[in-house]
Structures are given as structure tokens and as C-alpha cells.
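Overview (structure and organization)
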Amino acid sequence: MTEMFLKYFRTKQQKVESEKTYDTQCPFCSMQCKMQLIEQSIVTRKTYKTIGKDNPTSEGRLCIKGIHAHQHSFHRERLKYPLLKVNGEFVRITWEEALDKIKENFTSIQAEDGLNALAVYGSASLTNEEAYLLGKFARSALKTKYIDYNGRLCMSAAASAASQTFGMDRGFTNSLSEIPYTRCIILAGTNIAECQPTMIPYVEKAKENGAYIIAIDPRETATTKLADLHLQLKPGTDVALTNGLLKIIIEENYINKSFIQERVNGFEEVKEYVSSLTLEEIEDITGVPIAQIRKAAIKFGKEETGMIFTARGVEQQTDGSIAVRNLLNILLSTGKIGKPHCGYGAITGQGNGQGAREHGQKADQLPGYRAIENEEHRAYIASVWGIDEAELPGKGVSAYEMIEKIHEVEITGLFIMCSNPVVSHPNAQFVINALKKLKFFVAADLFLSETAKLADLILPASSYLEDEGTMTNVEGRVTLREASFPCQGEVKHDWQIICEMARVLGKEKAFSYTSAEEIFQELRVASRGGKADYYGITYERLRKEGGILWPCPDMGHSGTKRLFEASFSHPNGKAVMVIAPNKSVVAKEQTSEEFPLLLTTGRVMSHYLTGVQTRKSAALAARNVESYLEIHPTTALKYQIPDHALVKIESKRGGIVVRSKWSETIRMDTVFVPFHWGDSQNVNLLVSKKLDPDCRMPGFKVTAVRVRPLMDQLLQ
Ligand SMILES: Nc1nc2c(c(=O)[nH]1)N[C@H]1C(S)=C(S)[C@@H](COP(=O)(O)OP(=O)(O)OC[C@H]3O[C@@H](n4cnc5c(=O)[nH]c(N)nc54)[C@H](O)[C@@H]3O)O[C@H]1N2
Ligand SMILES: Nc1nc2c(c(=O)[nH]1)N[C@H]1C(S)=C(S)[C@@H](COP(=O)(O)OP(=O)(O)OC[C@H]3O[C@@H](n4cnc5c(=O)[nH]c(N)nc54)[C@H](O)[C@@H]3O)O[C@H]1N2
Ligand code: SF4
Ligand SMILES: [Mo]
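Residues numbered from 1 in each chain as written. Chains lettered and ligands numbered in written order. Predicted model: local features only at pLDDT ≥ 70, side-chain atom pairs only at ≥ 80, totals over all residues. Heavy atoms only, no water.

Overview of the overall build of the protein chain
Within the protein chain, the secondary structure is distributed over 24 helices and 28 strands. The C-alpha atoms of the protein chain give 25 Å as radius of gyration, which agrees with the globular expectation for 716 residues (27 Å, within 12%). Dimensions of the protein chain, computed from C-alpha atoms along their principal axes, come out at roughly 70 × 70 × 65 Å. Expressed as a percentage of the 716 residues in the protein chain, the buried residues total 63%. Relative to all contacts within the protein chain whose residues are 6 or more apart in sequence, the contacts with residues 24 or more apart total 74%. Carbon and sulfur atoms provide 50% of the accessible area of the protein chain, an area that totals close to 26,300 Å². Here the protein chain contributes 87 positively and 86 negatively charged side chains, and the mean placements of these two sets differ by 3 Å. (Helix = DSSP H or I, 4+ residues; strand = E, 2+ residues; numbered from the N terminus. Rg over C-alpha atoms; globule rule 2.2 N^0.38 Å. Buried < 20%, exposed > 50% of the residue type's maximum accessible area, 1.4 Å probe, protein only. Contact = heavy atoms within 4.5 Å. Areas by Shrake-Rupley, 256 points an atom, 1.4 Å probe, with all protein chains shown as cover. Lys, Arg positive; Asp, Glu negative; His and termini not counted. Charge placed at Lys NZ, Arg CZ, Asp CG, Glu CD.)

If you want it as C-alpha cells, here you go:
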């Protein structure tokens, strides 16, 4: 029998006529795992497999999403030609016709409704070069102030917290290689095991080395199972919980007095505030027993070293930025930052979640993490772009607020590149209605996404296998994603699409790049002297060194591994602590008789974001074919919901239908639904439009809902 198999495989091997390899990086999460696609031609058929490649971040590991990523890239439904909507149907047109349409409509919209009537919406899945170019296109070619991007729904709370507390936002203050040697880790609202799986070995090594791990999450997940202590709080109560931790740390004197004195402002005010709170009220708000809060505080306080990581569980709240700041208050009070094996990590989400927030896609930002309202910054960027400072528009509004501006008819034309807001924005029906109201809507995508379907014109973009450029990963490490796979059909790279649009609008001189590298050369100069300084980074260095941690101000600089060793980035060198009030300034939705449960949303291992890509991958889609409602059996019994039954979930805003999945480990007052599906399973039809007043992050993690069995499937 074995002989027979061997013979079969040997003859199969012989048939491999040629083999090609393509170096690339995974198109999904912020780990940006380096990998190689191997193409084998066997007679007339091509087969593909992906293997991991060594690098300092993922060390050659891949998760299932990376292994199967090429499946969506080769999917038959990839868009290959520009499509124009004619009488409700999409018809194929040429690029010149598409660009003519853009010229005609963009020009007439701006003539009729003003320059700011055109809005641009970008993405943190774009390369640094494309993110930079999109910002330049909006500000210098269209001269609109309205540009923002999907990172607003993702990294904005952590970014704003780090900027305000430390004076600078690089998600990780340390590199991943320090994690195994820290003594205590707090994982707050992060599910690394499913969302950055190749990071998990760093945490496992820390555990093997004896680190104490504390997880803060309303659900039990593959990540919380790694923890020694799981604080299973009520969704949306991280501020109160962290005030409890801080209160105990301060009162039991686990603070680092000399560090506070030399390097921190604002400690006394915070101390006074937390001492006015009682642990009983904190237990009441969070649902976490005082004994557990005390245990966590003492463990973190007394260890010599410690690190805190946050992700969207804490951040996607209407008080997400202040919640993160309170975790930073803990780090600062205990002096666990700026030294070995101590620090903070906002676990970045999208592949280029870090780089895309540094180079000018954000409403208030210019390249190099410069501020659009700072005169010096404006003058510098205007000089790089060869325009007058006065020509640069001012600050726009956040992603969701642009949708509101469409309803207010202030924005009448929209260009979206690489995002699917119909599924990713809160208050989804409002978003759908807005997009339908536009005079002219262009989307650049790989697929006919739920959003692209509403466009007047769709431009086909190239995928990660085809499009070269730099991506800045979770560590703040700038990496070069090589890409040599030929474009299919008439697909163009995103940067080419931007250049072509600029050309027909008469701006070809400032957009005449012939490669991504040429754009990067300009980005280097634009970032020079800014907080995110890439000036010392070149493609050649990235090829040779395999990635460089910014800031890297000159060619002789080896990159910055650990931040804040000597000082913080505020002008006086100090970090700023601030009070985080238990009561959110923007009130969170509360449960009521009508809507008695708290819905929180998030992710599963096999799907990515709005699922447009991973739902096209047979291997990934097979793992989770549809959405689900995670619900405690006791709660399920109360509402007569059997396991695996169709359930209607309703909030004040709308309803969806998904299948139930009983779980004994979720809180009884909480249910969970992933957000990777659209249409009748689009969980954002339920989520409210409330935003964090500081960073404008929507509160994706708290919605009051009710549930009922869809049909008469009552329990026996
Ligand atoms: N498989 C997969 N991986 C991904 C992605 C994906 O879609 N799929 N997306 C990428 C992107 S863009 C991002 S932003 C990251 C997201 O990565 P994560 O933020 O880790 O993912 P989420 O599932 O959104 O939320 C994390 C955890 O927060 C918990 N949580 C919910 N409410 C609360 C709360 O009120 N407080 C606390 N403390 N925790 C709460 C959830 O139960 C969940 O386990 O993942 C990246 N990686
Ligand atoms: N309820 C709820 N909602 C959430 C979240 C949550 O936890 N809960 N998380 C939020 C977070 S953290 C994020 S990051 C957002 C993400 O929200 P989105 O940005 O809307 O999600 P994606 O699925 O990444 O959408 C990317 C689109 O671009 C296309 N695309 C992929 N690659 C390329 C490319 O190279 N070029 C072009 N032109 N197109 C491309 C894809 O086909 C897809 O249609 O969702 C947010 N929404
Ligand atoms: S999804 Fe993230 S962890 Fe998985 S292979 Fe891709 S980059 Fe790596
Ligand atoms: Mo994200």
C-alpha cells in the first residue's frame, strides 16, 4: 500500500514542469508575515501553495489566513475591468472612458457644490506609498478638506491616547522580541490568538519563562485561556476596571516615585480621583469581583517588569481613548516604560494600520505624522508638494462624520479606495442611504463589495501579489512587500489609479511616478523631521536589512527599537497622566426591559474584516460559512433559543438574523456576533452612531439588543 502511494506521488512530482516563486507579505493583519507563493505548473494546470519566510516579526510563521490568501486573489469574481452603472446594471468600459467620467463628474461637482463637495475615503490596507499619495491627491489635486480612512474605526483611540500621553504614537513602544522576558502582561480587549496568531509564541514564551498573564475580556477566547487571571468584565466598563487597578496600585504603594517625579505630569490629580472611588462601586459597574481586581493590581504592581497591550475591545468604545490612557496611567505610575521588557503595545489591526495613520490620510494630518493645523508643518509639506501653503485645505471630519455630511448634502461626490463602509461602519442603514444619495460615487476594489455595488463607477485594483510597496507592521517596523505577480485583465495598482485620476484632472506633473519606489523617495522627504521620520529608509536598505523600526532619520541610523528611554515626545520630555472618569462623557447604550442584553462584536480566526476577501477563499469560508450569535445557555433558555437555531437580534436601529451558538463561557448579560458578513447578517445594522468625542471612534463594542428565535423552534 505504502509503495503504491510513493509511486503515485513520485509520478506526480515528475509531472511538475516548472516552478515559480513569488516573494510577498500576507494581505491581512498587522503581523505582515513574510511569505512565498509557489506556483507549480503540472501539465496544463497551475497549483499554488504558500510557505512562511523568516523575518524578525513573525519568524517564518503563518496562520491559516496567510496560507490561503492567494485563493481570493485568484478568485473568478476578481474585478478585471472598469465598470460603469448604466440603468442599474454594471457594464464594462475602457479606462479612458472611466477616467473621462471621473473628470466630467468631479469637475462639475466641484463647480456646482464647491471644492469640499468631493470626499476621499482611504484605507489602512493600502501601502505607505498609496496612503501618502491619496492624501496628496485629496489635498493638492482635488483641494478638498474631506479625507479620512477606515483606520478611524480601528486605531484612532489608541493613536490618540499614545499621542496625548507620550507625545507620539507608534503602536508598540518596544519590539516583540522583548515580550518573552517580561514578568507580567496585561492583555486588555485583545484576542491575539485569533487576530494576530503568529504573535502568540511570544506570549507563550513569556509564560514559559514564568510571566503572569492577565486578560481583560467579557468572553473566554483562545487568548484568555492563556491567561493566569481572566477579568471577565461587563462590556464597556474598562475605564472603571482600570481605575480599580490604579487605585490599588497607588494605595498599596506599588508606584515608582522617582520615575513619576522625573518623567510624569498629572499623577497627583489622578491619585486624588481614584482615591475618591470605592472598590465596591467598581465591582458593581464592571461585574468583576474585588478580589480579582486586587490580585491583578498587586501582580502587575509588584513585578519588576511588565507590559500592557490593548486592542479593539477596550478601544472601540465611546470612551476608548480615555480607557487606553488609563492603562497608560498604570504603566506610568509603576514606571514600567522606557526600559527593557517594560512598555505598551496597541496591537495594530490592518496590515498597514500603523503606516497608513502616519502619512496623511487622516482628516487632521499631513505626512510624517504632521498636523494639518500646524503652520510650520503645513509650510513644509506645501514646499515638498510644490504648492503654496494657503492652497492646502484645513482639517476635515472623521469617517462616519463624512457619511453625515453626505446626508447634509455638503458632500455630493465620493471616491473610496480599499474599504467597505456598508459593512464596517456603525448605523449601516444610514450609511447605505447616504451612498445612494451621492451625485457621483467611485469605488476602487478587488471585488464587487457591498459598498462597490452602490457605486456609479468601479475601478479594478491590483492585489497584494501584484502591488509592490512598503507596509509598517505592528512593531512599527517598515517592511518592503515585494510583488511580481502580473496584473490580471486591465487591473491597475492603487497608486497608478490615483496618478491617472490626477492626470485627467490636469495635475500630471505632481503625479508622474513610474514606480512605488519613486513615491517612497518623496515620502521619505515628506516625513523628514516629522515624528514618523522615514528619511533614512530606502528600498535598498529594506531589502538588505529585512525591515527597519521608525523613527529612522538618516541613512546611518539603524532604526529605533525601544521608545522613550530617555524622555517622552512632548516638548518638556514628560508623559501626561489624566483622569479617566468612570462615567463616559458620551453615555453608552444601557440595557432596558425592551433591549435587555449587551451585544459586543469582533472577529473569528478564519475571516478578515468585512469578509469580502476571506469569504471568497474556499478554505477559509468553509471554516465559518455564516455569522453566529454567541450566547450563554442560561440566557438562551430565558429567550427560548435552541443551539444552532436562527435568531433575530434587534436593537433600536434594526434587526439581523444569524444562527445561535451556545457558549457556557460568555457572560450571561452579554452576547457576541462577528462582523465579517453583510446583508441580513450585517451586525452594524444594529450598532449606534455614537462616537468617542476625542478620537471619533464608534462604539462598536456596546449595543443594547433583544433576541428571539426566528421561527417557532421553542425548546422542548
Ligand atoms: N482573524 C482576524 N484577524 C484580524 C482581523 C480580522 O478581521 N480577523 N482584523 C484585524 C484588525 S483590522 C484588527 S483591528 C484586529 C482586531 O483585533 P482584536 O481587537 O483583538 O479583535 P476583536 O475581536 O475585535 O476584539 C478583541 C476582544 O475584545 C473583546 N471585547 C469586547 N468588548 C469588550 C470590552 O468592553 N472590553 C474588553 N476589555 N474587551 C472587550 C472581545 O470579546 C474580543 O475577544 O485584528 C486584526 N486581525
Ligand atoms: N461591528 C464592528 N464593526 C467594525 C469593527 C468591529 O470590531 N465591529 N472593526 C472595525 C475595524 S477595526 C476595521 S479595520 C474596519 C475595516 O473596515 P473596511 O475597511 O470596510 O473592511 P475591509 O474588509 O478591509 O474592506 C476592504 C475592501 O477593500 C478591498 N480591497 C482589499 N485589498 C485591496 C487593495 O489592495 N486595493 C483596493 N482598492 N481594494 C482592496 C476588499 O475587497 C474590501 O472590499 O471595520 C470596522 N468595523
Ligand atoms: S493574517 Fe496575520 S498572522 Fe495570519 S498570516 Fe496573515 S499577517 Fe500573519
Ligand atoms: Mo481594524
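Now that the structure is up, let's keep going.
Here we look at the sheet that holds strand E8 (residues 184-188)
Judged by pairing direction, the sheet is parallel, and its five strands sit side by side in the order E10-E9-E8-E12-E13 without closing on themselves. Two strands lie at the open edges of the sheet, namely strand E10 (229-231) and strand E13 (343-346), each paired on one side alone. Pairs of neighbouring strands in the sheet enclose a mean axial angle of 15 degrees, with direction left out of account. Here E8 pairs with strand E9 (residues 212-216) via five bridges, running parallel. In the strand pairing of E9, Cys184 is matched with Tyr212. Across the face of the sheet, helix H13 (residues 290-302) comes into contact with E8, E9, E10 and strand E12 (307-310) while running at roughly 125 degrees to E10. (Pairing = 2+ DSSP bridges. Axes fitted to C-alpha atoms, helices over the stretch in contact; angles between N-to-C directions.)

Here we look at helix H9 (residues 238-251)
With 14 residues, H9 ought to run about 20 Å at 1.5 Å a step, and its terminal C-alpha atoms sit 20 Å apart, in line with that. In the stretch just after H9, Asn253 is the one whose phi turns positive, near 60 degrees. (Expected span 1.5 Å × (residues − 1).)

What about the site of ligand 1?
Residues in close proximity to ligand 1 total 35 residues, the closest being Asp217, Gly236, Arg603, His607 and Leu609. Glu194 is positioned such that a nitrogen or oxygen atom in its backbone is 3.0 Å from a nitrogen atom of ligand 1. For ligand 1, the protein covers 100% of the area, taking 910 Å² as the surface of the free molecule. Listing elements by their share of the shell around ligand 1, those giving two or more residues are helix H7 (192-195), helix H14 (312-315) and strand E23 (597-602). Looking at the shell around ligand 1, its residues break down into 13 nonpolar, 14 polar and eight charged. (Near = heavy atom within 4 Å. Polar contact = N/O pair within 3.5 Å; in protein donor to acceptor, adjacent residues only side chain to side chain. Nonpolar A, V, L, I, M, F, W, Y, C, P; charged D, E, K, R; others polar.)

A closer look at the sheet that holds strand E21 (residues 548-549)
Pairing in this open sheet of three strands is antiparallel, and the strands run E19-E20-E21 from one edge to the other. Each having just a single partner strand, strand E19 (469-472) and E21 make up the two edges of the open sheet. Where strand E20 (residues 477-481) lies against E21, two bridges are found, and the strand directions are antiparallel. Across the sheet, Arg477 pairs through a bridge with Leu549, a residue of E21. This element, helix H5 (residues 128-142), spans E19 and E20 of the sheet and lies at about 95 degrees to E19.

Here we look at the confidence of the model for the protein chain
Per-residue confidence for the protein chain averages 96 on the pLDDT scale, and 97% of its residues sit at or above 70. Confidence, expressed as mean pLDDT per element, reaches its minimum in the protein chain at helix H1 (residues 2-14) with 61 and its maximum at strand E17 (residues 440-445) with 99. (pLDDT = per-residue confidence, 0-100.)

Re the packing of helix H12 (residues 279-286) against H13
Running from N to C, H12 and H13 cross one another at 105 degrees; their axes reach a closest spacing of 9 Å. Relative to H13, the element H12 is oriented roughly perpendicular. Contacts between H12 and H13 involve Leu279, Glu280, Ile282, Glu283 and Thr286 from the first element and Ile290, Ile293 and Arg294 from the second. Across the contact of H12 with H13, the residue classes break down as four nonpolar, one polar and three charged. (Parallel < 35°, antiparallel > 145°, perpendicular 65-115°, else oblique.)

Topic: the pairing of strand E18 (residues 457-460)
Burial along E18 is two-sided: Leu457 and Leu459 facing one way and Ile458 and Pro460 facing the other are all buried. For strand E4 (residues 83-86) and E18, the ladder comprises two bridges, and the chain directions are antiparallel. Residue pairing across strands places Leu84 opposite Leu457, the latter belonging to E18. Inspection of the sheet shows E17 paired to E18 by four bridges, in the parallel sense. The residue of E18 that forms the bridge with Ala444 is Leu459.

Comments concerning the side chain of Thr703
Its place among the elements puts Thr703 in strand E28 (residues 703-709). Accessibility expressed as a relative area gives 0% for Thr703, which makes it buried. Among all residues touching Thr703, those that are not within four sequence positions of it are Glu589, Leu597, Leu598, Leu599, Ser651, Arg653, Leu686 and Val687.

Structural notes on the site of ligand 2
Within the structure, ligand 2 sits among 29 residues, and Asn150, Asn420, Ser424, Asp445 and Thr610 are positioned closest to it. A distance of 2.7 Å separates an oxygen atom of ligand 2 from a polar atom in the side chain of Ser424. Within the side chain of Lys701, a nitrogen or oxygen atom sits 3.0 Å from an oxygen atom of ligand 2. Contact with the protein chains covers 97% of the free accessible surface of ligand 2, which is 920 Å². Only helix H18 (421-424) and E17 provide two or more residues apiece to the shell around ligand 2. Its residues placed into classes, the shell around ligand 2 shows 13 nonpolar, 12 polar and four charged. Composition of the shell around ligand 2 by domain shows at least three residues from each of domain 2 (83-154 + 360-529) and domain 4 (583-715). (Domains from an automatic or database assignment.)

A short note on the nonpolar core
Among the nonpolar cores identified, the biggest contains 122 residues, and Ile102, Phe166, Leu332, Phe415, Leu457, Leu459 and Phe511 are the most heavily contacted of them. Split by domain, this core shows at least three residues from each of two domains, domain 2 (83-154 + 360-529) and domain 3 (156-347). Beyond its immediate chain neighbours, meaning those up to four positions away, Phe415 contacts Phe106, Ala119, Val120, Tyr121, Leu134, Val442, Ala444, Leu459, Ile497 and Met501. With 36 residues, the next largest nonpolar core counts Phe28, Ala69, Leu176 and Ala211 among its residues. (Core = buried A, V, L, I, M, F, W, Y, C linked by side-chain atoms within 4.5 Å.)

Thoughts on the layout of surface pockets
By volume, the largest pocket is sized at about 810 Å³. If you go around the largest pocket, you meet 34 residues; those closest to its centre are Ser163, Asp364, Gln365, Tyr369 and Ala371. Of all the secondary-structure elements, those providing two or more residues to the lining of the largest pocket are helix H6 (156-166), strand E15 (370-371) and helix H16 (375-385). Grouping the constituent residues of the lining of the largest pocket by class yields nine nonpolar, 13 polar and 12 charged. Reported here for the second largest pocket is a volume of approximately 400 Å³. In terms of lining, the second largest pocket is formed by 18 residues, of which the most central are Gly236, Thr237, Ile285, Lys588 and Gln590. (1 Å grid on protein atoms, 1.4 Å probe; cavity = no way out; pocket = protein on both sides within 12 Å on 5 of 7 lines; lining within 4 Å. Points joined across faces, edges and corners; volume = space filled by probe spheres on them.)

Topic: the domain arrangement of the protein chain
For the protein chain, the assigned domains read domain 1 (2-73), domain 2 (83-154 + 360-529), domain 3 (156-347) and domain 4 (583-715). Counting from both sides, the interface comprises 21 residues of domain 2 and, opposite them, 23 residues of domain 4. Linking domain 2 with domain 4 are two salt bridges. The partner of Glu401 in a salt bridge is Arg696, with the nearest N and O atoms 3.0 Å apart. Where domain 2 meets domain 4, there are 11 residue pairs in polar contact (both at pLDDT 80 or more). (Salt bridge = Lys/Arg side-chain N within 4 Å of Asp/Glu carboxyl O.)

As for the pattern of salt bridges
Applying the stated rule across the entire model yields 37 salt bridges. Of the charged contacts, one joins Lys405 and Glu410 as a salt bridge, the two residues approaching to 3.5 Å between their closest N and O atoms. With a relative accessible area of 36%, Glu410 lands in the partly exposed category. Here Glu450 and Arg615 are joined by a salt bridge, their closest N and O atoms 3.1 Å apart. With Glu450 in the loop between E17 and E18 and Arg615 in the loop between E23 and helix H23 (618-621), this pair connects stretches of sequence that are 165 residues apart. Residue Glu450 is classed as buried on the basis of its relative accessible area, which comes to 11%. The exposure class assigned to Arg615 is partly exposed, which follows from its relative accessible area of 27%. Beyond isolated ion pairs, a larger network of salt bridges with shared partners links Glu594, Glu650, Arg706 and Arg708.

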